[in-house]
Amino acid sequence: MSTLAQSLSRGIGKVTESALAPYQSAVIRIGFSATWLLFLLREFPHRQELYGPDAPWNWDLARQLTGDNGAFTVLLWFRGRFWFEAVYVLAVLASALLLLGWRTRTMSVLFMLGVLSLQNRSVFVGDGGDNVLHLMSVYLVFTRCGQVWSLDARRAVRARAARARGQRLPDRAGPVLWSVLGLALAAVTAAGRLQGEWFVPVLLWTVWLGQALWWVAGRRAKWDQPRILLDVVGSVVHNGALVVIMAEACLIYATAGWYKIQGSRWQDGTAVYYPLHLDYFSPWPALGGLMSSSGTMVMLVTYGTVIAQVAFPFTLFNRRVKNVLLAVMMTEHAAIAVVLGLPFFSLAMITADAVFLPTPFLRRLGERAARARARLRRPPAAAALPEPHAPENSEPARVGFPA
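In this text, all values refer to a predicted model and were calculated from it rather than measured experimentally. (Residues numbered from 1 in each chain as written. Predicted model: local features only at pLDDT ≥ 70, side-chain atom pairs only at ≥ 80, totals over all residues. Heavy atoms only, no water.)

J.: Could you give an account of the overall build of the protein chain, with specific residues and numbers?
T.: Helix and strand counts for the protein chain stand at 18 helices and 0 strands. In the protein chain, of all internal contacts separated by at least 6 residues, the share reaching a separation of at least 24 is 77%. Within the structure as shown, the protein chain displays about 23,500 Å² of accessible surface, and the carbon and sulfur contribution to it stands at 66%. Distance between charge centroids for the protein chain: 11 Å, based on 39 positive and 23 negative side chains. (Helix = DSSP H or I, 4+ residues; strand = E, 2+ residues; numbered from the N terminus. Contact = heavy atoms within 4.5 Å. Areas by Shrake-Rupley, 256 points an atom, 1.4 Å probe, with all protein chains shown as cover. Lys, Arg positive; Asp, Glu negative; His and termini not counted. Charge placed at Lys NZ, Arg CZ, Asp CG, Glu CD.)

J.: Which residues make up the nonpolar core, and what are the values?
T.: In this structure, F32, W36 and L118 are the most contacted members of the largest nonpolar core, which totals 75 residues. With 9 residues, helix 2 (residues 22-42) is the single largest residue contributor to this core. In this structure, F32 is in contact with F111, V132, L133, M136, L140, A348, T351 and A352, ignoring residues within four places of it in sequence. (Core = buried A, V, L, I, M, F, W, Y, C linked by side-chain atoms within 4.5 Å. Buried < 20%, exposed > 50% of the residue type's maximum accessible area, 1.4 Å probe, protein only.)

J.: Give a detailed account of the environment of Q211, specifying residues and quantitative values.
T.: With respect to the element layout, Q211 can be found in helix 10 (residues 199-219). Those residues in contact with Q211, other than ones at most four positions away along the chain, are R105, T106 and W178.

J.: Provide a residue-level description of the layout of surface pockets, including the pertinent values.
T.: Computed from the structure, the second largest pocket encloses a volume of approximately 700 Å³. In terms of lining, the second largest pocket is formed by 27 residues, of which the most central are W266, T305, E332, I336 and L340. Contributing elements (two or more residues each) for the lining of the second largest pocket: helix 7 (128-140), helix 11 (225-261), helix 14 (295-315), helix 15 (319-339) and helix 16 (343-353). Among the elements that line the lining of the second largest pocket, the one with the most residues is helix 15, at 7 residues. Looking at the lining of the second largest pocket residue by residue, the classes come out as 20 nonpolar, 5 polar and 2 charged. (1 Å grid on protein atoms, 1.4 Å probe; cavity = no way out; pocket = protein on both sides within 12 Å on 5 of 7 lines; lining within 4 Å. Points joined across faces, edges and corners; volume = space filled by probe spheres on them. Nonpolar A, V, L, I, M, F, W, Y, C, P; charged D, E, K, R; others polar.)

J.: Can you explain helix 8 (residues 151-164)? Please cite residues and give values.
T.: With 14 residues, helix 8 should cover 20 Å at 1.5 Å per step; its first-to-last C-alpha distance of 20 Å lies within 8% of that length. Its buried side turned inward, helix 8 meets helix 6 (104-121). Downstream of helix 8 by one or two residues, G166 has phi in the positive range, about 80°. (Expected span 1.5 Å × (residues − 1).)

J.: I'd love a proper account of the pattern of salt bridges, names of residues and values included.
T.: Note that side chains of opposite charge can pair when their charged atoms are close. Scanning the model with the defined rule gives 8 salt bridges in all. Residue E43 pairs with R42 through a salt bridge whose shortest N-O separation is 2.5 Å. With a relative accessible area of 45%, R42 lands in the partly exposed category. R47 serves as the salt-bridge partner of E85, at 2.9 Å between the closest nitrogen and oxygen. With E85 in helix 5 (residues 81-100) and R47 in helix 3 (residues 47-50), the pair connects residues that are 38 residues apart, well separated along the chain. Taken individually, E85 and R47 each receive the classification buried, so the pair is uniform in this respect. (Salt bridge = Lys/Arg side-chain N within 4 Å of Asp/Glu carboxyl O.)

J.: How would you explain the environment of C250 if you had to name every residue and give the values?
T.: Relative to the helices and strands, C250 is located in helix 11. We classify C250 as buried; its relative accessible area is 13%. The sequence separation of C250 and L204 amounts to 46 residues, and the corresponding C-alpha distance is 28 Å. Leave out the neighbours within four places in its chain, and C250 touches F312, P313, L316 and F356.

J.: So what's going on with the UniProt feature "transmembrane region" (unreviewed entry) in the protein chain? Residues and values would help.
T.: UniProt records the feature "transmembrane region" (unreviewed entry) at residues 82-102, 132-151, 172-192, 198-216, 228-254, 297-317 and 324-350, using the numbering of this structure. Counting secondary structure, residues 132-151 comes out at 50% helix and 0% strand; the distance between its end C-alpha atoms is 26 Å. Taken end to end, residues 324-350 is 89% helix and 0% strand, and its first and last C-alpha atoms sit 14 Å apart. (UniProt positions renumbered as here; feature names shortened; annotations may be inferred.)

J.: How would you sum up a nonpolar patch on the surface? Please name residues and give values.
T.: Among the surface-exposed residues, W284, L287, L290 and V338 lie close enough to one another that they form a single nonpolar patch of about 410 Å² accessible area. Examined against the element boundaries, L290 turns out to sit in helix 13 (residues 285-292). Residue classification places L290 among the exposed residues on the basis of a relative accessible area of 60%. (Patch = residues over 30% accessible without salt bridge, like charges linked within 9 Å, V, L, I, M, F, W, Y side chains within 5 Å.)

J.: So what's going on with a positive patch on the surface? Residues and values would help.
T.: On the surface, R160, R163, R168, R219 and R227 cluster together into a positively charged patch. Looking at where R163 falls in the secondary structure, it is placed in helix 8. R163 gets classed as exposed once you look at its relative accessible area, which sits at 54%.

J.: Describe the packing of aromatic side chains, with residues and values.
T.: Throughout the structure, instances matching the rule amount to 16 aromatic pairs. For the ring pair F39 and F344, a centre distance of 5.5 Å and an interplane angle of 85° mean the geometry is edge-to-face. With F39 in helix 2 and F344 in helix 16, the pair connects residues that are 305 residues apart, well separated along the chain. Neither residue differs from the other here; F39 and F344 are each classed as buried. Put simply, the rings of F72, W77, F78 and W83 pair up and form one aromatic cluster. For R193, the ring lying beneath its charged end belongs to F78, and the centroid distance is 4.6 Å. Sitting above the plane of the W266 ring, K260 keeps its charged end 5.2 Å from the centroid. (Phe/Tyr/Trp six-rings, centres within 6.5 Å; stacked < 30°, edge-to-face > 60°. Lys NZ or Arg CZ within 6 Å of the ring centre and 35° of its normal.)

Okay, here's the thing in structure tokens:
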């Protein structure tokens, strides 16, 4: 019993002491924000037909549907082209800032609002990747996804260095951003715009008030206990959100695999053949024809897809098998992006898979990115000169992670 109690105590301590998987959470932040940003930029010339006033699913139909299902979208607050353009530009800006990791908590909320607003405006536009992005945009709000590889991480390092010198770096952007968004939130709440499902309004007010408590505890509290308590709550929420993201990824693969098993074309090994000959999914007809020319290849890909999707949740209990199958799944999604012309669906699924990547691999990836960035920033004249040899007893230089 004592061993069980000790194990339980260590588990609780691990969950509450720190926000786990900082590199994995940074990868999913970068991946999903990049996916949505690239999609918005690619569809910028067609934005009016997809989500704007010129969409076949017009404003009145969207208003009627959201009135029935309670879906959240700010695009239905006002009619007109100007409001739509402003929301679209803000969605692009929030995605870019979340990608860079600037004020990640606030940007994750604005990123979620952009995703929900555009997707709920035209519910019949999109594919499975949009559904994944829809869910993950909500989960990201609960994560501390800016611990590494972000501008927030760089600012935190500078703040710690300043405190070590007995100084304090002023934070002017944070309170100004909090005040402006708070006034906007209060105005739309008073105007009755936050209608529909209760979840989004409650989440917005909770995050806004939580940011205020965090600032007060850090600047005004005379003891460290309030800040420690808030930090524990934030870590628990972050770790819980990561578990939900992992469970969501497993659920996606498990349900997709078991539904495929029930299909006759998946059972006889010919299911992959048909999408390769649909014009909508044939950006490279010659490549699709080459892949489907071999019956053995089609059968192997068909059965391999089903086996990989059904087996993936069970491989999490074995690290080596999980890593191998993870590489297979990512390769498959990359092939889908090229062969079937579904880049954003594939990028969303690869990002969801990335939450299972091992931490040492991500750290090595970050170190290589830091070295590559350092070489790019090095002046040409300095790069041409031979580097001085370090003394024999000196320690090797440590390469920092990219912010």
